[in-house]
Amino acid sequence: MTANGQEGANLRQRVATGVKKDIAAVKNIVAQTGSTWGRARDVSALNILNSFCIMAFCPLMVIYFWMACDSFQCSLAAPVQQVLSASDLKTGITDLVINHFPRPTPDGFKICFAWIAFQAIMYAIVPGKIGYGQMTPAGYTLPYIVNGLSVWFLTHSLFIAGAFYFGWFKGSVIHDNWGALLVAANIYGYALTLFCFLKAYIAPSHKEDRKFSGSFIYDLYMGIEFNPRFGKYWDFKLFHNGRPGIVAWTLINFSFAVAQYVKIGYVTNSMVLLNFLHAVYVLDFFYNEDWYLRTIDIAHDHFGFYLSWGDSVWLPFMYTLQSHYLVRNPVDMNWAYFSLVLFIGLSGYYIFRAVNHQKDIVRRTNGECQIWGKPAKVIRTEYTTSDGKKHSSLLLCSGFWGVSRHFNYVGDLLISAAMCLTCGFEHLLPYFYIIYMTILLVGRISRDQERCKGKYGKYWDEYCKVVKWKLLPYVY
């Protein structure tokens, strides 16, 4: 073989070796194998089936609840009873769909997409400090624009001025177009899900943080990209959870309170209390938005149907059921009961905020602080990101975090219960929220257990020996 021939053979061998390394690197990036954590990569057939059922049937469930409120005074049994009382099942279902399902309208689409566009612009241009999330499994620490509180006040001020000073629209405009808004929001939620799924393949923001399970259905549901973005700061997760959904939460309640006033001539004390409790929760969220960057929604969940449709439809339509109920079934609470519900709500808020404050202060001081008048007890851990780098962290095991691993959820559940209790006891529908939150938070506890076990390993085992209870001592 000539020298040139030998050189060519060596070059081909080096190229082939380089290609193999590149392929191996891509596989590692795509699947996130190795020392990492996050959402599941290897999923069972049951997980896939559950994902399919949620994507197929949850939108129908939201429509059913809307229909129960709009046509049947918020009775969950009445639509079924109407179907069963028809001459045959097909006729009953057809009549229900034709006469009681929500319908799209031009105004519904205009309001929905104008709302999303307005919030998107506000998210981009309203000044705010830069906050940072937790380190991702691939080793990124991402910046976020934290301007939610300013946007909340600006949005509500413009809405109130537009409705009651300039007369551009009715204060009950959200209530009056609720069915059409549901149709438009569903279309947006599904479109966003598909867009993010395709973006993960074509133009991922941080390709090393993607997760592929091998199942189209599961990846569509749970999401592939961890932090899909436009540019450096416009984050899909923070925007869709915080802006169209949570900013709207209090605005929806306010609009339904206006509708109640129009309908019966006054606003019941139950509606006032409900609006207050929701406002406390929402304002706390935005006041502590920087803290929220390190919670499970931002720090651990990928962005698929679960968050894109959930933030666009499930949150604004199912979390506000109590205000829909009170428009159609006004409740005048006696002052003893009013005071009891208020006490439960504020107690829950205190627990929720105090528990999270303890974790925050431990993080800020690297564990060099006091909890309940005593030095904080922490387990100092090490974990490894998928780039092979080692990092340190703390697991707090005193104060509220020594009582249970998720005592902050106790506060969440008490607030949720108070919101539902404003509606009295005539119907089950307004209590859906506390039932759902219980299921959601217990599920999160299970997911967090798996994630932390994968992240912290032996340190998490040590922590679980110290803090035995997951939620409530002697219960769970």
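Residues numbered from 1 in each chain as written. Predicted model: local features only at pLDDT ≥ 70, side-chain atom pairs only at ≥ 80, totals over all residues. Heavy atoms only, no water.

## Some remarks on the overall build of the protein chain
The condition is simple: Each helix corresponds to a stretch of at least 4 residues labelled H or I by DSSP, and each strand to a stretch of at least 2 residues labelled E; elements are numbered beginning at the N terminus. Exposure is judged per residue with a 1.4 Å probe applied to protein chains only, and the accessible area is read against the type maximum: over 50% gives exposed, under 20% gives buried, and values in between give partly exposed. Using a 1.4 Å probe, the Shrake-Rupley method yields the accessible areas, and only the shown protein chains count as cover for residues. Only four residue types enter the charge count, namely Lys and Arg as positive and Asp and Glu as negative; His and the chain termini do not. In this description, the location of a charge corresponds to atom NZ of lysine, CZ of arginine, CG of aspartate or CD of glutamate.
Broken down by element type, the protein chain carries 20 helices and 8 strands. Principal-axis analysis of the C-alpha atoms places the extent of the protein chain at approximately 95 × 60 × 50 Å. A burial count over the protein chain gives 53% of its 476 residues as buried. Of the roughly 22200 Å² that the protein chain leaves accessible, carbon and sulfur atoms contribute 65%. Taken together, the 42 basic and 30 acidic charged side chains of the protein chain have centroids lying 7 Å from each other.

## Side note on the pattern of salt bridges
As a reminder of what qualifies: Think of a salt bridge as a Lys or Arg side-chain nitrogen and an Asp or Glu carboxyl oxygen that are within 4 Å of each other.
Taken as a whole and judged by the stated rule, the model has 9 salt bridges. We note a salt bridge from Asp290 to Arg294, for which the minimum N-O separation is 3.0 Å. Note on Arg294: relative accessible area 22%, which makes it partly exposed. Of the charged contacts in the structure, one is a salt bridge between Lys453 and Asp461, with a shortest N-O distance of 2.6 Å. A relative accessible area of 33% places Asp461 in the partly exposed class.

## Observations concerning the confidence of the model for the protein chain
Test applied: pLDDT expresses, on a scale from 0 to 100, how confident the predictor is about each individual residue. Contacts are assigned to residue pairs that have any heavy atoms within 4.5 Å of one another.
On average, residues of the protein chain score 88 in pLDDT, and 91% of them reach the 70 mark or higher. Across the protein chain, the element-wise mean pLDDT spans from 42 in helix 1 (residues 3-31) up to 97 in helix 7 (residues 173-176). Note that pLDDT drops below 50 for residues 1-9; the model gives that stretch 1 contact with residues more than four away or on any other chain. Below a pLDDT of 50 lies the segment residues 14-35, which in the model reaches 21 contacts outside its immediate sequence neighbourhood of four places, other chains included.

## Quick look at the nonpolar core
Using the following cut-off: The criterion is simple. A nonpolar core is a set of buried Ala, Val, Leu, Ile, Met, Phe, Trp, Tyr and Cys residues joined through side-chain atoms within 4.5 Å.
Judged by nonpolar contacts, the single largest core of 131 residues is most densely connected at Trp314 and Tyr319. The element that contributes the greatest number of residues to this core is helix 10 (residues 236-264), accounting for 11 residues. In contact with Tyr319, not counting residues within four places along its chain, are Trp249, His278, Trp314, Tyr433, Tyr436, Met437 and Leu440.

## Remarks on the packing of aromatic side chains
Stated formally: The pairing test for Phe, Tyr and Trp rings, Trp by its six-membered ring, is centres within 6.5 Å, and the orientation test on the planes gives stacked under 30 degrees, edge-to-face over 60, and tilted for anything in between. In our convention, an over-ring charge means Lys NZ or Arg CZ found within 6 Å of a ring centre and within 35 degrees of that ring's normal.
According to the stated counting rule, one finds 48 aromatic pairs in the structure shown. When the ring centre of Phe226 is taken as reference, the NZ or CZ atom of Lys237 above it lies at 4.3 Å. When the ring centre of Tyr383 is taken as origin, the NZ or CZ atom of Lys455, which lies over that ring, is 4.5 Å away.

## Some details on the environment of Ser213
Quick reminder of the rule: Two N or O atoms form a polar contact when they lie within 3.5 Å of each other; inside protein one atom must be a possible hydrogen donor and the other a possible acceptor, and for residues adjacent in sequence the pair counts only when both atoms belong to side chains.
Tracing the sequence through the fold places Ser213 in the loop between helix 8 (178-202) and helix 9 (216-222). Separated by 54 residues in the primary sequence, Ser213 and Val267 have C-alpha atoms spaced 51 Å apart. Looking at Ser213, its side chain comes within polar contact range of the main-chain nitrogen of Ser215, at 3.1 Å. At a separation of 2.9 Å, a polar atom in the side chain of Ser213 contacts the side chain of Asp219.

## A short note on a nonpolar patch on the surface
The cut-off we apply is this: Exposure above 30% relative accessible area and no salt bridge define the residues that can form patches, which grow by joining like charges within 9 Å and nonpolar side chains of Val, Leu, Ile, Met, Phe, Trp and Tyr within 5 Å.
A cluster of nonpolar side chains, Val80, Leu84, Leu89, Ile93, Val97 and Ile98, forms an exposed patch at the surface whose accessible area comes to about 550 Å². Among the elements of the structure, helix 3 (78-85) and helix 4 (89-100) are those that each provide at least two residues to the nonpolar patch. Take Ile93: it is sitting in helix 4.

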